[in-house]
Amino acid sequence: MRELVVLMILMLGGSGVLGLYEDQAYKFDWRKQLIGKVEDLEFLAAGVDTAILVRTQKNVLAALDSDDGKLLWRHKFEDSAETGKILAIGRLNRNVVSVSGSSNIFLRLWEPLHGALVQEHFIKLASAPTHAHLVDNNLHFVFVKPNGMDIVTYTFDTKKFTEGSHKKVSTETTEVEKCVGLDNLLVCSTPSGLIYTQINSKEPSKAEMIPVADIQGSTLARRGTRIQVENSAGSVTTFKVENGKLVKQADVTNMVSECPGVEVKQECSEWGTDAEGNKYCAQYADNILTRFKGEETTVKLASYRGKLEAVWSECGADPQAYQLILAFQDGGLVSVTPRGNIMFTREEGLTSVHKAEFVNIGFEDKSSTFGPLYLHHENMFDPATLAQNFINRMKRHILQLREFISSLIQLKFLEKNSAATLDRFGLNKMIVIATEHNKLYGMESISGKLMWQLYFPGRFTSAEGFESKSQAYLLIQRDGRAGGEAQAVLIYAHAHSVHHMMTFDPLTGKMISNEPLNMHLDQALLLPEFSDHEIKPILLVGKDGNVAVHPRAAAECLRSGPPLFVLSGPTNSKLVGSKVVPSQEGSGVSLVPVWSLVTPSTEIVSVKTRNPIERVHSAGRVLADRSVLFKYMNPNLALVAAQGTDSSAKLFLNIYLLDMVTGKVHYSATHKKVLGPYHTVHSENWAVYSFYNEKARRAELVSLEMYEGKTQTNATVFSSIENKVIPLVERQAYILPVSDVRALKETVTEQGITSKHLLIGSAVGNVLDLPLHLVDPRRPPLDTPAGMREPGIPPYIPELPMPHESIMNYNQTILGMKDILTSPSGLESTTLVFVHGLDLYGTRITPSKGFDLLKEDFDYIMISAVILGLVLASYITRKLAQKKMLTKAWK
Amino acid sequence: MKSVILLLLITYSSAELDSDSDVMLELEHSFDHGDTWQTRGHVTWSSGRTSADQLTLGDHQKQALKTLCAEGGLYLLRSNVQQAGQAVGLMRSYTSACSLVSSGMVDTITLSLDHRSRVLGINLSAAAPSHSPGLRDTFKTKIVSSGVEPGPVPDTAAYIQRLEEEKRRQEKGDVPDNRSFLAKYWMY
C-alpha cells in the first residue's frame, strides 16, 4: 500500500500544480454563453421586466432579458434530434411550457424567472409527429399519413396529463413540408400551396387548399395573427384568419409581426441567376425598413447579416412603443426600437463553428513608421544572412529609440497609445472563425471580443466525414508576423454556384477578392512556404483530377522546391497518394498517383498529420541506464482511423500509422467492439487515440510512441523515400476518467521545450489537462524496482487520474463542446487554447508552469529597494575602506 | 430456408479469407512517371513463399532506369492484385530509381494486410545497397507481409491482483510497518 501512496504523490507531484488560485479566476480566460440560432421566440411578462423565451436549433430553451439580451437562464436538451429537439414552446398561466423529443415526448413546465422545472410529463407516441402545436393547455400532434393527417390532442396542467381526442383530416396531397399552428387553425405547406384545417373540432374533416405559385414551403411561418410564406423569388404572401377561414391579404407584401400595423421589409439589392436559370437574391439590402402607421424607419445594421429570416415583436401598453426582434441568416439576433435604434445584438452564429484558426497578429505596431522588417529564416548560419539580420535588427532598434525620444520631446508618452497595449509576449492572437451560418468572425483570443465580421454566401449541408470538410476551407496564407499585410483564404461552396475563393485580411476582416473557382473542388491544401515567396500557395484539386496552384506564380517555386506529395481524393475507403508534378513550362501542375491503399468494407474516419508549425526540441529521450533512445520523427507520418462493421454487426476500429509520401504502413492495430466518437492526436513521435469500448463500457485511450532505436540514422535531413528505418512502436492502453470524450488535443508551444499536455474535453463540459507522461506507453509495471525506472515516468496504473485542479476551465462549464484549438504564444511556456461548442471559451495554459514569466505578485519595490541598498552599501563601504587605507598609509 | 443458410455461409466464408491464401501480383512498371506502363511479370506469394516469374528487361528499359536515376526520378510500380482467386484491385507503389540501382535490382514488396488478411496496399522498397550494384536483367523480388495486430487493452487484471494482494497482506497483519519515524507521523 505504501508504494501506492508514494505513487499517488508521485503522480500528483510530478504533474505540477495545475490549478489556479482563487483570485486568478476569470483573469486569463473568458467564456461566452450562447444559445444557438433562434427558431422560435415568445415574449414573457416575468416579474417586472419582460423576458424573451426562445428555442433554438441547438436544442436549447432559454430566457433572455428583453432590454439587453442577457441570458437569464438556459437549458440545453440532448444533442440528438431524437430526444432533444424542442418541438414547441408556449405559456400556461405563470409557467413556460416546452415540448421536446420525437416519438418519446417530454412535456415540461418551467418557472419563468429562474428556469426551475415545475412538472414533467412523458408521452409515448407510436411514431414521431410531423408537427406539435401548443394552444393554452392543449397539445396537438399532427401525423402526416398517406391518406391524410391525424391530429391527436392532449390536455395538461401542472398536475395532470390526459389524452383527448383523435381526429382524421383527409388531404389531397401527402407531401406536407411544414406545418404551423395559428390558434385553432393548422396550416401546412405542400408543393402546390397551403392546406389548412380546424384543429379543435372533433369530427373528421377535409383540409382546404389555397394554391400558392412557386411556394417555398420551408419559409412558412406564423407572424402574430398572420401566416406568411415566401416564393422562390423571395416575395411574401400573407394570410389572415377570418371566421375560421384562411384569407389571402393582397395588400400586405412585407413581413409582419405580432403588433398590428408593424411591417418589416428587407429589399434585395442585387439579383443573381444560378446555373439552372433560376433567379435568386444575391445580395440583400444592408438596411431594414420598418413601417408603422404609414411611417417608414430605417434600421441601420453595423454589419451585413444576409437574409432577414424572422421577425417577432412585443407591443407595449403605449401604442407607439414596440420592440422588434429580428433573426438573420447568420444567426444574429437583433433587437430594435421603433425609432430604429439597436437595443442589443446576439451573435448566435458562433455556436456553429465550422473552421477556426489562430492568426498571429505580430509584435510590431502597424501604424508606426518602422515598415516591414523581414527576418530571413533560411540559411540562418550563413554569415551573410546573419549579418543582414543583425543589421536589420540594429536598424529597428535605432528607429524605435528615435521614436521613443521624439515621443518624449512631444510629451506623447503620457497618452495611452493603443500600440503600447499590443502585447509584447504574443499572448493575443486573432481567432478567425468560419461558421455554418455563412459568417466569418475575427475574435481576439485574449478577451473573446469580436473585432470584425464578414458575410459569405456559402452552403452547408449536414454531410459527415470528408464530405463535410470539403464544404469550406479556411487557409491562412500569411500572418501578421512578417510585417506586411496578412492574408487568408476561405474556399466555400457557394449557395447557388460552384466553389468560391474569398481572399481577405484575417486581422482586419477586409475582403480583398471573392472569385469563383472554375472547377468542381475536391480538396484545397495549403502548401508549405517557399523560400522566395512570402505567401503560402494553395493547391486546388478538382473532382476530375485537375489541379491548380494559386497564386499561379507559385508553380515556379514548385519546380525548384523539394518534391511534393499530396494525399488526393480520400474517399470513404481509399487513400491515394500523388506526386505533384509541375509541367516543364507555364503554370500547369498535374498529379501523378504513386501509391494507393484500399481499406475494403471500412470507412476512413480521420487522417491526422502532425501540426505543421510544431517544433520538436529534443531528438531522443534518456533511459534509466543513461543511454539515449532516439525518437522516430517522420514529418510525413499520419494516423489513419478506419471504422467497419464485423460479421456480428459490431463496430471495429482499425488504426494505421501511414507514411503519406510512400504509402507504407508502419503499424496497424485493430480494436473490436468499439463505439465512436473517435478522437486522434498526432504529434512529435507519438500519437494517441480514444474510443469507447462497448464490451467493457468505458472510454479508452491508446498511446503509441515511435522510436528509431539506440542509433540515429540521419540527424539533419529526413526522407521518407530513402529512410529504411522500421520504427519500434511502443503501445499502451489506458482507461479514461471521462466516458464521453468530445475533443482531444495536444498543447503546442513556440520551440517545443515545454512539456506536452493532452487536453481532453468531455460532454459534461470540462476540459481535463492531462500531462503527457501519464499516458506514456513506457510506464513500467508496478513491481519494477525504483532503480530500474526511467526518471519522470510513474509506474503503470490502468486508470488515468482526474484531479479537480487539473480541470482547465475550473467551474466554467463549456456546454455542447465540439472541438479544442491550441496555438503557441510568443512565450515558450504558454499555449493559447480556444474551445468551441455551444459556449466559447478562451484561456492560456502553462504546461510546465510559467518558467519564463515573473510571478504576478512579484515585488518590484522590494527588489529595487534591495538593489539600491546594495549599491549604496557598496559605495559607502568603498568610501570607508578608502579612508581606512589612507589612514593606514599615513601611519 | 436451407438454401438461405447456405448462401449466408458462402458469403461469410468469402468475407473471411484464409490467412495463408495465395496472393498474385501482376506487376507493371513505369520509367516515365506514369505516362507509359510496361509489363514486369507475375509474382505469387503463398504461405510465406515468393515465386516470381518476371520478364527480362530490355536494353532501353535499363537505359531508362539509368537516366531516371541520374535525374533523381521515381520508379513507379502498379499491380493488379488477386487474392484467393479474386481481384482485389489496382494498387500502386514506387521507390526511387537510384535505390534500385544501388541495391543491384533487389527489391521487396510489402503487403499490408488488414485484420481479415486482405491486402490493403503494396509497398515497394529496394534492398540495402549491395556490394555489386548496377543494372541486372531481371528484378529479384521478395514478398513479405505485415499484418494487423490486436490493439492494446488496459491491463486491469495485474493491477487488481496487486491491489488484492496488498489488501490480503494487510488483513493478515504480516506487513511490517518499516517506515521511518518521520514518515509515520509527519503528514506533509
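Quick caveat, the model's predicted, so the values are computed rather than measured.

Here we look at the interface of chain A and chain B
Step number 1: Each partner contributes to the interface: chain A provides 49 residues, whereas chain B provides 37 residues.
Step number 2: In this structure, the salt-bridge partner of Arg731(A) is Glu149(B), at a minimum N-O distance of 2.7 Å.
Step number 3: Between chain A and chain B we count 13 residue pairs in polar contact (both at pLDDT 80 or more) in total.
Step number 4: Of all the secondary-structure elements, those providing two or more residues to the side of chain A that touches chain B are helix 1 (2-14), strand 46 (589-598), strand 51 (651-659), strand 52 (665-672), strand 55 (698-709) and strand 56 (728-735) of chain A.
Step number 5: Of the residues forming the side of chain A that touches chain B, the biggest block, seven residues, is contributed by strand 46 of chain A.
Step number 6: Classifying every residue of the side of chain A that touches chain B by side-chain character gives 26 nonpolar, 12 polar and 11 charged.
Step number 7: Pairing of strand 52 of chain A with strand 9 (residues 149-150) of chain B, which is carried by two bridges, proceeds in the parallel orientation. Paired with Thr670(A) across the strands is Pro150(B), a residue of strand 9 of chain B.

Focus: the nonpolar core
Step number 1: In terms of nonpolar packing, the biggest core is built from 27 residues, with Leu25(B), Tyr75(B), Ile109(B), Leu111(B) and Ile122(B) touching the most fellow members.
Step number 2: Elements that contribute at least two residues to this core include exactly strand 1 (23-30), strand 2 (38-46), helix 2 (59-70), strand 4 (74-83), helix 3 (97-102), strand 6 (106-113) and strand 7 (119-126) of chain B.
Step number 3: If one sorts the elements of this core by residue count, strand 7 of chain B sits on top with four residues.
Step number 4: The next biggest cluster of nonpolar side chains, apart from the first, holds 21 residues, and it includes Leu597(A), Ile604(A), Leu658(A) and Leu120(B).

Things to note about the environment of Tyr492(A)
Residue and element names in this part refer to chain A.
Step number 1: Assignment of secondary structure puts Tyr-492 in strand 38 (residues 487-493).
Step number 2: According to the relative accessible area criterion, Tyr-492 is buried, its value standing at 0%.
Step number 3: The sequence separation of Tyr-492 and Ala-275 amounts to 217 residues, and the corresponding C-alpha distance is 17 Å.
Step number 4: Beyond its immediate sequence surroundings of up to four residues, Tyr-492 is in contact with Phe-456, Pro-457, Gly-458, Gln-471, Ala-472, Val-498, His-499, His-500, Met-502 and Asn-514.

A short note on the sheet that holds strand 15 (residues 185-190) of chain A
Residue and element names in this part refer to chain A.
Step number 1: With antiparallel pairing, four strands are arranged side by side in an open sheet as 14-15-16-18. Each edge of the open sheet carries a strand with a single partner, namely strand 14 (178-182) and strand 18 (208-211). The average angle at which neighbouring strand axes cross in this sheet is 25 degrees, direction not considered.
Step number 2: Alignment of strand 16 (residues 193-198) against strand 18, held across four bridges, turns out to be antiparallel.

Focus on the confidence of the model for chain A
Residue and element names in this part refer to chain A.
Step number 1: Per-residue pLDDT for chain A averages 84, and the proportion of residues at 70 or more is 91%.
Step number 2: Here residues 1-17 is a poorly scored stretch, pLDDT under 50, and it has 23 contacts once near neighbours within four places are set aside; other chains count.
Step number 3: Contacts for the low-pLDDT stretch residues 366-373, under 50 throughout, to residues beyond four places or in other chains number 16 contacts.

Structural notes on the pairing of strand 6 (residues 86-92) of chain A
Residue and element names in this part refer to chain A.
Step number 1: Most of strand 6 sits out of view: five of its seven residues are buried.
Step number 2: Two elements, strand 6 and strand 7 (residues 95-101), share six bridges in a ladder whose sense is antiparallel. Looking at strand 7, one finds that Ala-88 is bridged to Val-99.
Step number 3: In sequence, strand 6 turns back onto strand 7 through a hairpin of two residues, with Asn-93 there showing a positive phi of about 50 degrees.

What counts as what
Residues numbered from 1 in each chain as written. Chains lettered and ligands numbered in written order. Predicted model: local features only at pLDDT ≥ 70, side-chain atom pairs only at ≥ 80, totals over all residues. Heavy atoms only, no water. Contact = heavy atoms within 4.5 Å. Salt bridge = Lys/Arg side-chain N within 4 Å of Asp/Glu carboxyl O. Polar contact = N/O pair within 3.5 Å; in protein donor to acceptor, adjacent residues only side chain to side chain. Helix = DSSP H or I, 4+ residues; strand = E, 2+ residues; numbered from the N terminus. Nonpolar A, V, L, I, M, F, W, Y, C, P; charged D, E, K, R; others polar. Pairing = 2+ DSSP bridges. Core = buried A, V, L, I, M, F, W, Y, C linked by side-chain atoms within 4.5 Å. Buried < 20%, exposed > 50% of the residue type's maximum accessible area, 1.4 Å probe, protein only. Axes fitted to C-alpha atoms, helices over the stretch in contact; angles between N-to-C directions. pLDDT = per-residue confidence, 0-100.

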